[in-house]
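# Structural features, examined
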Amino acid sequence: MKSYKVLLLALGALLLAGCSLARAEENGAASQMDRWVGFYAVSLEDYRAFHNNPHLTEYGSSQYKTGQFGSITLPDRVLFAEETEEGYVFPDLPGYRLFLLWETLEDGSACVSCVSDMGPGDDFFSRTATSSGTENFISGTLYEGPPAGATDWDPSEDYSIWTAYRVFQTPDGRIYLNGSGNSYAGGMSGFTETQTYSYTMDGETMQEDKLTVKVYIKSVPRLEKVIVTQYDSQNIALRSDDLALREEIPEIICETDTVWVLVEEVNTDGTIHTAYDVPAGGTASHNLVLLDDAGLGTAVTLTIGKK
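Residues numbered from 1 in each chain as written. Predicted model: local features only at pLDDT ≥ 70, side-chain atom pairs only at ≥ 80, totals over all residues. Heavy atoms only, no water.

Looking now at the overall build of the protein. Regarding its fold elements, the protein presents one helix and 22 strands. Considering the protein as a whole, with its 307 residues, one finds that 43% of them fall into the buried category. The long-range share in the protein, meaning contacts at least 24 apart out of those at least 6 apart in sequence, stands at 60%. Accessible surface, the protein: about 15900 Å² in total, of which carbon and sulfur atoms supply 48%. (Helix = DSSP H or I, 4+ residues; strand = E, 2+ residues; numbered from the N terminus. Buried < 20%, exposed > 50% of the residue type's maximum accessible area, 1.4 Å probe, protein only. Contact = heavy atoms within 4.5 Å. Areas by Shrake-Rupley, 256 points an atom, 1.4 Å probe, with all protein chains shown as cover.)

Structural data, given as structure tokens:
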């Protein structure tokens, strides 16, 4: 699964020592000081992997009403992410990340970044200052298509079921899932959630941060072959490369005389042709979606460059 993390902005001076964070009402966080930061999408086949996960840890507690016996308090069990070379990973739970990460830099300033291995959405990450605080928006795309060997797959009938677990972050930076979230049917659909947090000092609201997360679910054909052909200024083909379909696709370095390239995507629905000009010292990026045997897709980027 290919991942990327984009560092964007330092936060303003309103994140002062002594400020308190009021969480959005009923957001499911295990602690009042934790914030909802996005989603972790899991396919139906992996749904039980959360509740049966051997890495669940007691963190926080919840009250439950029992009628005549009153209320009882039970510990919450959450799944903390592990920070690896590939970024934040939820152990023994395959899925697709889309969340904001709030961090403190070495100089003590705060920053926010977006962690995602979904495909691109409307606007990968935007942050807007308002009169009351900030508005953050992130989006991504989940892909599904025909399983390997399927011959009569119909996206309107054979769509996947996704569970979008809410992702939370503690004040000390830990990322976790607590099992809250909703399930959604695929087949060209999607979902959106918005929550607002207030920073207060001495009981007075100093700033409000709003986060909106939008996820699209799109059906795509199964990619079978990708061919990149280079052409000179006379439109004469210089060379063609039949690419190996894997998550880490090597960059195409064009010949000296190459002026433009043609990318051919051969899939179960036909062939898509896309042309790019490639000037000296420039690059072009082409997005591809690779489906696994079950029909779940991973977005990858083909980069075409020229020395």
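For soluble globular proteins, nonpolar side chains are generally found buried alongside one another. Phe90 and Leu177 are the most contacted members of the largest nonpolar core, which totals 45 residues. Ranked by size, the runner-up nonpolar core spans 16 residues in total, among them Leu243, Ile249, Ile252 and Leu302. (Core = buried A, V, L, I, M, F, W, Y, C linked by side-chain atoms within 4.5 Å.)

Turning our eyes to something else, we now look at the environment of Gly145. Looking at the element boundaries, Gly145 is found in the loop between β11 (133-144) and β12 (161-169). Taking relative accessible area as the criterion, Gly145 reaches 4% and is therefore assigned buried. For the pair Gly145 and Val289, spaced 144 residues apart in sequence, the C-alpha to C-alpha distance is 9.9 Å. In this view, Gly145 contacts Trp153, Val220, Leu291 and Gly295; residues no more than four positions away in its chain are not counted.

Another point: the confidence of the model for the protein. Mean pLDDT over the protein: 84, with 88% of residues reaching 70 or higher. Residue range residues 1-26 is modelled with pLDDT below 50. Its contacts to residues more than four positions away, or to other chains, number 76 contacts. (pLDDT = per-residue confidence, 0-100.)

On the surface, Leu44, Tyr159 and Ile161 cluster together into a nonpolar patch covering about 250 Å² of accessible area. In this structure, Leu44 sits in the loop between β3 (35-43) and α1 (48-51). (Patch = residues over 30% accessible without salt bridge, like charges linked within 9 Å, V, L, I, M, F, W, Y side chains within 5 Å. Salt bridge = Lys/Arg side-chain N within 4 Å of Asp/Glu carboxyl O.)

Let us now look at the environment of Glu83. Among the structural elements, Glu83 can be located in strand β6 (residues 82-84). For the pair Glu83 and Arg174, spaced 91 residues apart in the sequence, the C-alpha separation amounts to 9.4 Å. A distance of 3.5 Å separates a polar atom in the side chain of Glu83 from a polar atom in the side chain of Tyr88. (Polar contact = N/O pair within 3.5 Å; in protein donor to acceptor, adjacent residues only side chain to side chain.)

Secondary-structure assignment places Thr196 in strand β14 (residues 189-201). For the pair Thr196 and Lys210, spaced 14 residues apart in sequence, the C-alpha to C-alpha distance is 4.2 Å.

Quick look at the side chain of Thr163 now. Along the chain, the position of Thr163 falls in strand β12. Taking relative accessible area as the criterion, Thr163 reaches 5% and is therefore assigned buried. For Thr163, the side chain forms a polar contact with the side chain of Ser183, separated by 3.1 Å.

In this section: the packing of aromatic side chains. Tallied over the entire structure, the rule returns eleven aromatic pairs. For the pair Tyr96 and Trp162, a centre-to-centre distance of 5.9 Å together with 70° between the ring planes defines the contact as edge-to-face. In this pair, Tyr96 is assigned in strand β8 (residues 96-104) and Trp162 in strand β12, connecting sequence segments 66 residues apart. Grouping residues by exposure puts Tyr96 and Trp162 together as buried. (Phe/Tyr/Trp six-rings, centres within 6.5 Å; stacked < 30°, edge-to-face > 60°.)

Moving on, we come to the side chain of Gln169. Position of Gln169 relative to the elements: it lies in strand β12. Under the relative-accessibility criterion, Gln169 is labelled buried at 4%. In this structure the side chain of Gln169 is engaged in a polar contact, spanning 2.8 Å, whose partner is the backbone oxygen of Trp102. Excluding anything up to four places from it in sequence, Gln169 contacts Asp34, Arg35, Val37, Leu100, Leu101, Trp102, Arg174 and Ile175.

Looking now at the sheet that holds strand β20 (residues 270-277). Read across the sheet, four strands follow the order β17-β16-β19-β20 without closing on themselves; strand pairing throughout is antiparallel. Edge positions in the open sheet fall to β17 (237-243) and β20, since each of these has one partner strand only. Ignoring strand direction, the axes of neighbouring strands in this sheet form an average angle of 20°. Bridge count between strand β16 (residues 223-231) and strand β19 (residues 260-267): eight bridges; the pairing is antiparallel. What sits directly across from Gln230, in β19, is Val261. (Pairing = 2+ DSSP bridges. Axes fitted to C-alpha atoms, helices over the stretch in contact; angles between N-to-C directions.)

Counting buried positions over the nine residues of β8 gives seven, a clear majority of the element. Both β3 and β8 contribute to a ladder of four bridges, which runs antiparallel. Of the residues in β8, the one forming a bridge with Ala41 is Tyr96. Two strands pair when backbone bridges link them, and β8 and strand β9 (residues 110-116) are joined in this way by seven bridges, in the antiparallel orientation. Among the inter-strand pairings, Thr104 is bridged to a residue of β9, identified as Ala110. Connecting β8 to the next strand, β9, in antiparallel fashion are five residues, including Gly108 with a positive phi near 95°.

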